[in-house]
Amino acid sequence: MLKAQNKAMVISETTQANKMPYFEGSFVQLQEEGKTKNKPYFVYLHSNKNKLDSTTFANKYVQTYVSKRYLAQKLQAPSLYADAVVKRYEVKSFPQILVFTPQGKLVDRITSYQSPKQMIARLKLHEQKTGSPEDRVSAFAKAADPTLSLKLQTEGEIQNVYHFSVRPYGVEEKTIGIQLGVFENYQNLVNNVSELELHWHDNILVTFVEIDGKMLYRLLLGPFYSYEHANVYNKNLEKKMGLLGILVSLEDFDPITEENKDQYLIENIEVPVESNNPNKR
């Protein structure tokens, strides 16, 4: 009898030990805990049980790694706590894992299944990262140098426009781009492209411009096929991300202003462009 009791106790202890160390509390409390302990954290949003539960987060090595390196929270959607996070970070599919720095900057969005080994490797990429949510806005503001932008316009020799995959992108007549910044440093360009992709922007364009033997990079969103659509998109960028871009023609990169915007209005575009792109009219 005693032997059976001891066996039952061992099983109970093992089951208790093999559990993900999920944070108990609200997302706001998780953010505060991350700052206090200077520890990165992630939020696992799910709508039903899946392979992450049965395989990845059931793995003892993942559990041990997360308990040492991260704070972790699991939120069932829909629910009061989950809905607030889903709305704030524009979560469009489940399951999804949002990874944050200790200061609260979103640095990764995991939307596909990861094996235990892949999950640990993915999280290790962000262990030492720092930065607050406001860093994104200040980085773009610093990059959007009006003097440098003017220099590109007046002195630079415009080369091809590329989609950032990277592949050449053909520019159609009277198409508009939203210029977000001009970068001298390629790594800064990559960092900001990554930031945009985290927020579901998949319409990223980059132009390479050479001045005095030095390569500079212009970052844009587009193309847009009318002033109305580009203007609304730009206002939403400011509202949701704190970014205010400049509307430019993708043909010559001249700024689109009150004085010349009429030619880009829907009513003045003579030939409609057939496309499945929702930004096109």
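That block above? That's the structure.
Residues numbered from 1 in each chain as written. Predicted model: local features only at pLDDT ≥ 70, side-chain atom pairs only at ≥ 80, totals over all residues. Heavy atoms only, no water.

1. Observations concerning the pattern of salt bridges
Two side chains that carry opposite charge are able to pair once their charged atoms sit near each other. Our working rule: Definition used for salt bridges: Asp or Glu carboxyl oxygen within 4 Å of a side-chain nitrogen of Lys or Arg. Strands are runs of DSSP state E lasting at least two residues, helices are runs of H or I lasting at least four, and both sets are numbered from the N terminus onward. Exposure classes here rest on a 1.4 Å probe applied to the protein chains alone. A residue is buried below 20% of its type maximum, exposed above 50%, and partly exposed in between.
Enumeration according to the criterion identifies 6 salt bridges in this entry. For the salt bridge of Asp53 with Lys74, the shortest nitrogen-to-oxygen distance reads 2.8 Å. Of this pair, Asp53 sits in helix α3 (residues 51-56) while Lys74 is found in strand β2 (residues 71-76), placing the two residues 21 residues apart along the sequence. A residue is classified by how much of its surface remains accessible, and Lys74, at 31% relative accessible area, is partly exposed. A salt bridge links Glu90 to Lys240, with the shortest nitrogen-to-oxygen separation between them at 3.7 Å. A residue pair is termed long-range when its members are at least 10 positions apart, and Glu90 in the loop between α5 (80-88) and β3 (96-100) and Lys240 in helix α10 (residues 227-241) qualify at 150 residues. The class of Lys240 is exposed, set by a relative accessible area of 59%.

2. As for the pairing of strand β7 (residues 176-183)
Selection rule: Pairing between strands is defined by DSSP: at least two bridges between them are needed.
The buried fraction of β7 is high, at 8 of 8 residues. In the sheet, β7 pairs with strand β9 (residues 214-224) via 6 bridges, with the strands oriented antiparallel. Within β9, the position partnered with Val182 by the bridge is Arg218. Strand direction decides the pairing type here: β7 and strand β10 (residues 246-249), joined by 4 bridges, are antiparallel. From the neighbouring strand, Ile176 faces β10, where its bridge partner is Ser249.

3. Description of the packing of aromatic side chains
The criterion, for reference: Stacked, tilted and edge-to-face pairs are distinguished by plane angle, under 30 degrees for stacked and over 60 for edge-to-face with tilted covering the rest, among Phe, Tyr and Trp rings (Trp via its six-membered ring) whose centres lie within 6.5 Å. Two limits define a charge over a ring: the Lys NZ or Arg CZ must be within 6 Å of the ring centre, and within 35 degrees of the ring normal.
Within the structure shown, the criterion is met by 12 aromatic pairs. For the ring pair Phe27 and Tyr89, a centre distance of 6.0 Å and an interplane angle of 80° mean the geometry is edge-to-face. Of this pair, Phe27 sits in helix α2 (residues 27-37) while Tyr89 sits in the loop between α5 and β3, placing them 62 residues apart in sequence. With 6.1 Å between their ring centres and 10° between their planes, Phe42 and Phe57 make a pair best called stacked. With Phe42 in strand β1 (residues 41-46) and Phe57 in the loop between α3 and α4 (60-69), this residue pair connects regions lying 15 residues apart in the sequence. With a relative accessible area of 0%, Phe42 lands in the buried category. Put simply, the rings of Tyr22, Phe42, Tyr44, Phe57, Tyr65 and Tyr70 pair up and form one aromatic cluster. Its guanidinium or amino end placed over the ring of Tyr113, Lys51 lies 4.4 Å from that ring's centre, counting from NZ or CZ. Positioned over the ring face of Phe253 is Arg218, at 4.4 Å from the centre of the ring.

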